[in-house]
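# Chains, contacts and geometry: an overview
Residue-level listing of the chains:
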Amino acid sequence: MYRIVNEPNLTIAFDMDTELSQFGVFGVYIKQGYNICAGYIDPSDWSGIHRGYKELVELYENCKGTATFTYVLTGEGNTLTFSLDQKGALTMEINICTTYNYKCNMTIESLDQTYLPRFIEFFREFLEREPK
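What this report covers is the structure whose coordinates are included nearby. Note that the structure is predicted; figures quoted are calculated from it, not measured.

Let us now look at helix α1 (residues 46-62). In an α-helix, one full turn covers 3.6 residues, which means residues spaced three or four apart are oriented alike. Relative to the 24 Å expected for 17 residues at 1.5 Å per residue, α1 spans 24 Å between its end C-alpha atoms, a close match to the ideal helical length. Buried within α1 we find Trp 46, Gly 48, Ile 49, Gly 52, Tyr 53, Leu 56 and Leu 59. Buried residues in α1, looked at end-on, bunch into an arc of 155°, giving them a common side. Seen from the open side of α1, the exposed residues pointing more than 90 degrees away from its buried face are Lys 54 and Glu 61.

What follows is about the pattern of salt bridges. Two side chains with opposite charge may pair up if their charged atoms get near one another. Within this structure, the stated rule accounts for two salt bridges. With its nearest N and O atoms 2.7 Å apart, the salt bridge here joins Glu 121 to Arg 124. Here the residue Glu 121 and the residue Arg 124 both occupy positions in helix α2 (residues 115-128), the gap between them amounting to three residues, near one helical turn. Taking the relative accessible area as the measure of exposure, Glu 121 reaches 27% and is therefore partly exposed. A salt bridge links Glu 128 to Arg 124, with the shortest nitrogen-to-oxygen separation between them at 2.5 Å. Of this pair, Glu 128 and Arg 124 both sit in helix α2, four residues apart, roughly one helical turn. The exposure class assigned to Arg 124 is partly exposed, which follows from its relative accessible area of 31%. Each of Glu 121, Arg 124 and Glu 128 takes part in salt bridges that share partners, so that together they form one network.

As a further point, take the nonpolar core. Among the nonpolar cores identified, the biggest contains 38 residues, and Leu 56, Phe 119 and Phe 123 are the most heavily contacted of them. In terms of residue count, α2 provides more of this core than any other element does, eight residues in total. Those residues in contact with Phe 123 that sit more than four places away from it in its chain are Phe 14, Phe 26, Tyr 53, Leu 56, Phe 69 and Phe 82.

Bringing the state of the cysteines into the picture now. Applying the stated criterion across every chain, the model contains one disulfide. Here Cys 37 pairs with Cys 104 through a disulfide, and the sulfurs are 2.0 Å apart. You can see Cys 37 sitting in strand β4 (residues 35-41) and its partner Cys 104 sitting in strand β8 (residues 102-108), a full 67 residues away along the chain. Of the two residues examined, Cys 37 and Cys 104, each falls in the buried class.

Counted under the stated rule, the structure contains eight aromatic pairs. Put simply, the rings of Phe 14, Phe 82, Tyr 115, Phe 119, Phe 122 and Phe 123 pair up and form one aromatic cluster.

Procedures and definitions
- Residues numbered from 1 in each chain as written.
- Predicted model: local features only at pLDDT ≥ 70, side-chain atom pairs only at ≥ 80, totals over all residues.
- Heavy atoms only, no water.
- Helix = DSSP H or I, 4+ residues; strand = E, 2+ residues; numbered from the N terminus.
- Expected span 1.5 Å × (residues − 1).
- Buried < 20%, exposed > 50% of the residue type's maximum accessible area, 1.4 Å probe, protein only.
- Arc of directions from axis to C-beta.
- Salt bridge = Lys/Arg side-chain N within 4 Å of Asp/Glu carboxyl O.
- Core = buried A, V, L, I, M, F, W, Y, C linked by side-chain atoms within 4.5 Å.
- Contact = heavy atoms within 4.5 Å.
- Disulfide = S-S within 2.5 Å.
- Phe/Tyr/Trp six-rings, centres within 6.5 Å; stacked < 30°, edge-to-face > 60°.

Rendered as structure tokens:
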């Protein structure tokens with residue numbers, strides 16, 4: 001478990017696992033108070049993860065734009081969309097329609113900006129595991 005934020009009322013964590021799939025899987029877990037939003041991305045499409053990573057670095061360097069990571073999990077309407085903006089808001093939207101009919105939409109406002117380098121570090125490490 002890779003914790004980005006671990007405060008009394010807010011936890012944002014990622015889990016990275018290359019055992020679950022040859023492509024690597026990472027999970028996202030956010031808990032604020034009693035609200036929990038969790039999902040996973042199996043990044044068979046590495047180009048989407050690379051694009052999101054570049055957006056994240058640009059957001060950090062230039063303080064503009066959004067970083068978005070979207071992956072259609074099965075092609076059957078299951079999606080995980082993850083975005084950050086320059087005001088420090090993190091939004092995650094998950095729809096898993098087929099098996100569990102699970103939907104989650106959560107926005108965390110005004111995060112401390114020190115979390116951004118930690119996001120970048122996490123994704124950099126994750127991308128290093130991309131199968132060649």
